[in-house]
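Below, each chain spelled out in residue letters.
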Amino acid sequence: MQDILIYSDSLTWGIIPDTRRRLSFNRRWPGVFETELNAVLSGSNNTAKSAVKIIENCLNGRRTVWDDPYKEGRNGSQGLAQVLEMHAPLSLVIIMLGTNDFQCTHTNNAWMSAQGMAKLINIIRLAPIEPNMPIPDIMIVAPPQMQTPKGLIKHKFSGSQPRSIGLAKELQLIAEAQQCYFFDAATVTASSEVDGIHLDEAQHLVLGKALAEQVASLTIFTPQANY
């Protein structure tokens, strides 16, 4: 069994657009991803590939490296090293963050958000995991380009959409420089038409399947030592 950590925000937590309700695990993309990835690997002729388990660490409102002035604990760089230590050994860490960096309480642009992601990558690689445990590979997932915010989150994301343009490209540059895997969610899905930010259930399904296909092609699924 190999473990994959998903470190993200409400887009992955599974909030139903324009509500405060949550999709169940099998209906949000991490659950779809786990099911589809295990199906792909079990159907492969490569017997070296093993089953995977998804560990979710997703918090509504999480930024890359900035605080939320109204809610505690939304700075994604705080406590990340301990999350890695807690769940080691990990084969892969998938980070999908950035959307909340553009909330109206900040003045960030796409480049600044990507620099926040670079800090998270460094934290992961320097986390105090036990000796001889592997440093996990990292995949950066760029969230879908936000549309004009609507509904309950309209004011929270006022003015955010123009500042977020170009985030995927900036994240790709960071991934290349830091030798991380990269996937742009916008290549398979847009953001919800309901609120302009989150993912509808059908979009979770599409993203989960696409990421399973992408991750299954990586070379990290080889037998690992038992800890």
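1. Structural notes on the overall build of the chain
Phase 1 of the analysis: Within the chain, the secondary structure is distributed over seven helices and five strands.
Phase 2 of the analysis: Reading the chain from its N end, one meets helices and strands in the order β-α-α-β-α-β-α-β-α-α-β-α.
Phase 3 of the analysis: The C-alpha atoms of the chain give a radius of gyration of 17 Å, which matches the 17 Å a tight globule of 227 residues would have.
Phase 4 of the analysis: For the chain, the spread of C-alpha atoms along the principal axes amounts to about 50 × 35 × 30 Å.
Phase 5 of the analysis: Long-range contacts, defined as pairs at least 24 residues apart, comprise 76% of the intrachain contacts of the chain with a sequence gap of at least 6.
Phase 6 of the analysis: For the chain, the exposed surface amounts to about 10300 Å²; the carbon and sulfur share of it is 52%.

2. Quick word on the nonpolar core
Phase 1 of the analysis: Residues Phe 33, Ile 94, Ile 95 and Ile 140 are the most contacted members of the largest nonpolar core, which totals 64 residues.
Phase 2 of the analysis: For this core, the element with the highest residue contribution is helix α4 (residues 110-125), accounting for eight residues.
Phase 3 of the analysis: Non-local contacts of Ile 140, meaning those with residues more than four positions away in its chain, are made with Ile 95, Met 117, Ile 121, Leu 171, Ala 175, Cys 180, Tyr 181, Phe 182 and Phe 183.

3. Let's talk about the packing of aromatic side chains
Phase 1 of the analysis: Following the criterion strictly, the structure yields one aromatic pair and no others.
Phase 2 of the analysis: Ring centres of Trp 29 and Phe 33 lie 6.2 Å apart, and the angle between their planes is 75°; this geometry places the pair in the edge-to-face category. Of this pair, Trp 29 and Phe 33 both sit in helix α2 (residues 29-42), four residues apart, which is roughly one turn of the helix.
Phase 3 of the analysis: Under the relative-accessibility criterion, Trp 29 is labelled buried at 0%.
Phase 4 of the analysis: If you follow Arg 62 out to its NZ or CZ, it ends over the ring of Tyr 7, 3.9 Å from the centre.

4. Some points on the side chain of Ser 91
Phase 1 of the analysis: On the secondary structure map, Ser 91 appears in the loop between α3 (80-87) and β3 (92-96).
Phase 2 of the analysis: For Ser 91, a relative accessible area of 6% corresponds to the buried category.
Phase 3 of the analysis: Reaching out from Ser 91, the side chain makes a polar contact with the side chain of Gln 2 at a distance of 2.5 Å.

5. Side note on the sheet that holds strand β1 (residues 2-8)
Phase 1 of the analysis: Strand order in the open sheet made by the five strands is β2-β1-β3-β4-β5, with parallel pairing throughout. At either margin of the open sheet sits one strand with a lone partner, and together these are β2 (52-58) and β5 (181-184). Ignoring strand direction, the axes of neighbouring strands in this sheet form an average angle of 20°.
Phase 2 of the analysis: The pairing of β1 with β3 spans five bridges and is parallel. Paired with Ile 6 across the two strands is Ile 94, which belongs to β3.
Phase 3 of the analysis: Most of the contacts of α3 go to β1, to which it runs at about 160°, and overall it touches β1, β2 and β3.
Phase 4 of the analysis: Relative to the sheet, α4 contacts β3 and β4 (137-142), its axis offset from that of β4 by approximately 160°.

6. A look at the environment of Gln 179
Phase 1 of the analysis: Positionally, Gln 179 belongs in the loop between α6 (167-177) and β5.
Phase 2 of the analysis: Residue Gln 179 is classed as exposed on the basis of its relative accessible area, which comes to 73%.
Phase 3 of the analysis: Placed 41 residues apart in sequence, Gln 179 and Ile 138 show a C-alpha to C-alpha distance of 8.5 Å.

Calculation rules
- Residues numbered from 1 in each chain as written.
- Predicted model: local features only at pLDDT ≥ 70, side-chain atom pairs only at ≥ 80, totals over all residues.
- Heavy atoms only, no water.
- Helix = DSSP H or I, 4+ residues; strand = E, 2+ residues; numbered from the N terminus.
- Rg over C-alpha atoms; globule rule 2.2 N^0.38 Å.
- Contact = heavy atoms within 4.5 Å.
- Areas by Shrake-Rupley, 256 points an atom, 1.4 Å probe, with all protein chains shown as cover.
- Core = buried A, V, L, I, M, F, W, Y, C linked by side-chain atoms within 4.5 Å.
- Buried < 20%, exposed > 50% of the residue type's maximum accessible area, 1.4 Å probe, protein only.
- Phe/Tyr/Trp six-rings, centres within 6.5 Å; stacked < 30°, edge-to-face > 60°.
- Lys NZ or Arg CZ within 6 Å of the ring centre and 35° of its normal.
- Polar contact = N/O pair within 3.5 Å; in protein donor to acceptor, adjacent residues only side chain to side chain.
- Pairing = 2+ DSSP bridges.
- Axes fitted to C-alpha atoms, helices over the stretch in contact; angles between N-to-C directions.

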